[in-house]
Number of protein chains: 2
Amino acid sequence: MTDRHTVKTGIVQHSFLSDIETNRARNLSGIANLAAEGAELIVLSELHDSLYFCQTENVDNFELASEIPGDFTDFYSAAAAENDVVLVASSFERRAPGLYHNTAVVFEKDGSIAGIYRKMHIPDDPGFYEKFYFTPGDLGFKPIDTSVGRIGVLVCWDQWYPEAARLMAMAGAEILVYPTAIGWNPDDPADEKERQLNAWITIQRSHAVANGIPVVSVNRCGFEEDPSGQTSGIDFWGTSFIAGPQGELLYKAPEDRPEEAAIEIDLGRSENVRRWWPFLRDRRIDAYTGLSKRFLLK
Amino acid sequence: MTDRHTVKTGIVQHSFLSDIETNRARNLSGIANLAAEGAELIVLSELHDSLYFCQTENVDNFELASEIPGDFTDFYSAAAAENDVVLVASSFERRAPGLYHNTAVVFEKDGSIAGIYRKMHIPDDPGFYEKFYFTPGDLGFKPIDTSVGRIGVLVCWDQWYPEAARLMAMAGAEILVYPTAIGWNPDDPADEKERQLNAWITIQRSHAVANGIPVVSVNRCGFEEDPSGQTSGIDFWGTSFIAGPQGELLYKAPEDRPEEAAIEIDLGRSENVRRWWPFLRDRRIDAYTGLSKRFLLK
């Protein structure tokens, strides 16, 4: 663990096709470009090797999954090692026949696996049928130690849960990282789209505020049609961003096109921010047991 | 409890002086004005009967406290009844000799006390010496039933804790209400002031997002000097606001001057918002026990 240091962090926001090799080439190009800019930590978006296949429930899609270690980790391990970066990648993990997870894999600069995080909160709503594919994670909220810091990796739907961010911070995370795949229903009116995008930014910035640590969120962009034709598809809204430990925006990508960006994040600023706003000091842990209940009213 | 209804909600943002009668007259005028506009629920700011006395630690300030029931509740009970409104007021409660709380009192339209909430999270930082004055609340996070809905009242420093908002929502709160007193150190540079104000707005909007319910936050405005002369005083930043259940801003007051505003809030929209973004459905209550710990790393 290192203290009071700056980490140049790279964001790879891309759109994807059905061809896995093309997607991998896009991600690899992004990693190489950002490493050349000096990025030491690079974050890919969620399930970046494929289209967002959860738009339908189709058993054939389980063919996209890969064991850990396996083909997926072989490829991104080499990408991390060749570019000498810590890499946060997002896989469709085949753990056993009929047992699959949505799993982030963090690679050390030498290509070794620093740790994995299995998505704990699994969504399910029209066009996002993730409960069909992914068993909820069973590793809990444990940050992953790397040479650039202790990283609290959470995935997409987790971003709506302050509990997840808090537990990562309490376990020592110095930075929160969210690979994600979220977008608009093209049929929604502009004001609803605006509310959704702002809610998504607001809740993740709030995790930075509540915990006094930076947040990195990386989304895909581009339109993907619904193979079933039942919906109008998903217009992934990009807008990958980085917030500092007061929730202040350090960087925001465009909504509608690929972007790669390398941004300096000062992990040392958390010490000062938490001294002035010592929220961890005053938590009422004697009164929080209800948080482990489903509901308290009835 | 009522369902699917709109509540016209009044915000009283004022500046205050050392003279309590003047402050009460300002608050009462605000209540009457907003009631005349049709407000059914009116929210005052924190400790609105006095200057923000916590800038110094002075035993004489305990004279400002009032028992419940007592002089404070007599006055605001009459204000609620005369104007036929549900009123959220904020008192310095004298519970026993040497035992004081920062206590919100909610009055029903007939002037009866619907319930009280004792501030659970107590801050203490230069200029905000609240731990000297206020014993942390012992009533937990229990919303208060009123004729306009079930109100989750929290106070100021509570606003930084997602745990508090979540527990109120889980106990059935239909709306979160934060009386507050927060401002800038005039010596801070403009960029720091901007980060603080935005963090304060962001974290409270995030409680709306995470829980799918509206949030009302009412702050005082105006400059108050530090009686000790040790600091440059506090420039209270106003900016009282209302957010809808997706965190969208419905109203925001100016930073630097008093304002009274009555805004329609549709409590029925939460049903629809929570159907589309069913965060309560997917909480990992099997993995949240760590939230009742102080820290998890060591």
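Above this text is the structure in question.
Residues numbered from 1 in each chain as written. Chains lettered and ligands numbered in written order. Predicted model: local features only at pLDDT ≥ 70, side-chain atom pairs only at ≥ 80, totals over all residues. Heavy atoms only, no water.

What about the packing of aromatic side chains?
With the rule as written, the count across this model stands at 52 aromatic pairs over all chains. Residues Phe 92 of chain A and Tyr 133 of chain A carry aromatic rings whose centres are separated by 6.3 Å and whose planes lie at 90 degrees to one another, so their mutual orientation is edge-to-face. Note that Phe 92 of chain A is positioned in strand 3 (residues 86-96) and Tyr 133 of chain A in helix 3 (residues 130-133), a separation of 41 residues in sequence. Judged by its relative accessible area of 5%, Phe 92 of chain A falls in the buried class. Geometrically, the ring pair formed by Trp 157 of chain B and Tyr 161 of chain B is edge-to-face, given 6.4 Å between the ring centres and 65 degrees between the ring planes. Tyr 161 of chain B sits in the buried class, given a relative accessible area of 0%. Feature note: the residues Phe 53, Phe 62, Phe 92, Tyr 100, Phe 132, Tyr 133 and Phe 134 of chain A constitute an aromatic cluster, connected by ring pairs. Taking NZ or CZ as reference, Arg 24 of chain B lies 4.9 Å from the ring centre of Phe 75 of chain B, over its face. (Phe/Tyr/Trp six-rings, centres within 6.5 Å; stacked < 30°, edge-to-face > 60°. Helix = DSSP H or I, 4+ residues; strand = E, 2+ residues; numbered from the N terminus. Buried < 20%, exposed > 50% of the residue type's maximum accessible area, 1.4 Å probe, protein only. Lys NZ or Arg CZ within 6 Å of the ring centre and 35° of its normal.)

A few points about the interface of chain A and chain B
Counting residues at the interface gives 57 residues for chain A, matched by 57 residues for chain B. Of the roughly 5600 Å² buried at the junction of chain A and chain B (both faces included), carbon and sulfur atoms supply 62%. In this assembly, chain A and chain B are joined by six salt bridges. Put simply, Lys 131 of chain B and Asp 282 of chain A hold a salt bridge, and the shortest N to O gap is 2.8 Å. (Contact = heavy atoms within 4.5 Å. Buried area = accessible area lost by both parts, 1.4 Å probe. Salt bridge = Lys/Arg side-chain N within 4 Å of Asp/Glu carboxyl O.)

A word on the state of the cysteines
Residues and elements named next belong to chain A. Inspection of the entire model under this criterion finds zero disulfides over all chains. Free cysteine: Cys 156, not disulfide-bonded; nearest cysteine sulfur from Cys 54 at 9.6 Å. Take Cys 221: it sits in no disulfide, and the sulfur closest to it among the cysteines is that of Cys 156, at 15 Å. (Disulfide = S-S within 2.5 Å.)

What to know about the relation of the copies chain A and chain B
For these two chains of identical sequence, chain A goes onto chain B by a turn of 180 degrees and a shift of 0.0 Å along the axis, with RMSD 0.0 Å. Such a combination of rotation and displacement between the chain copies is what one expects of a two-fold axis. Comparing contact sets, 100% of the residues at the interface of chain A also lie at the interface in chain B, consistent with an isologous, same-surface contact. (Least-squares fit on C-alpha atoms with pLDDT ≥ 70 in both.)

A few points about the environment of Ser 240 of chain A
All names here are of chain A. Inspection of the secondary structure assignment puts Ser 240 in the loop between strand 12 (234-237) and strand 13 (241-243). Expressed as a C-alpha distance, the spacing of Ser 240 and Val 216, which sit 24 residues apart in the sequence, is 7.8 Å. Dropping the residues within four chain positions of it, Ser 240 is found in contact with Ile 11, Gln 13, Ser 217, Val 218, Asn 219, Tyr 251, Lys 252 and Ala 253.

Section: the side chain of Arg 283 of chain B
Among the secondary structure elements, Arg 283 of chain B is positioned in the segment after helix 6 (269-276). In this structure the side chain of Arg 283 of chain B is engaged in a polar contact, spanning 2.7 Å, whose partner is the backbone oxygen of Leu 291 of chain A. There is a polar contact of 2.9 Å between the side chain of Arg 283 of chain B and the backbone oxygen of Lys 293 of chain A. Once residues lying within four places of it in the same chain are set aside, the contact partners of Arg 283 of chain B are His 121, Tyr 161, Glu 163, Leu 291, Lys 293 and Arg 294 of chain A together with Arg 166, Met 170 and Tyr 288 of chain B. (Polar contact = N/O pair within 3.5 Å; in protein donor to acceptor, adjacent residues only side chain to side chain.)

Considering the environment of Cys 221 of chain B
Residues and elements named next belong to chain B. Along the polypeptide, Cys 221 turns up in strand 11 (residues 221-224). Residue Cys 221 is classed as buried on the basis of its relative accessible area of 2%. Distance from Cys 221 to Ala 181, taken between C-alpha atoms, is 8.3 Å for residues 40 residues apart in sequence.

Some words on the sheet that holds strand 6 (residues 144-146) of chain A
Residues and elements named next belong to chain A. Strand order in the open sheet made by the six strands is 6-7-8-10-13-14, with mixed pairing throughout. Looking at which strands have only one partner, the edges of the open sheet turn out to be strand 6 and strand 14 (249-252). The sheet shows a mean angle of 20 degrees between the axes of neighbouring strands, direction not considered. In the sheet, strand 13 pairs with strand 14 via three bridges, with the strands oriented antiparallel. Along strand 14, the bridge assignment pairs Ile 242 with Tyr 251. (Pairing = 2+ DSSP bridges. Axes fitted to C-alpha atoms, helices over the stretch in contact; angles between N-to-C directions.)

Some thoughts on unusual backbone geometry
All names here are of chain A. The amide bond that connects Ile 68 to the next residue, Pro 69, takes the cis arrangement and shows omega of -5 degrees. Its identity as a non-glycine residue notwithstanding, Leu 47 has a phi of 50 degrees, on the positive side. Among the structural elements, Leu 47 can be located in the loop between strand 2 (41-43) and helix 2 (71-83). Owing to a relative accessible area of 3%, Leu 47 belongs among the buried residues under this scheme. If you check the backbone angles, Asp 84 has positive phi at about 55 degrees while not being a glycine. Within the fold, Asp 84 resides in the loop between helix 2 and strand 3.

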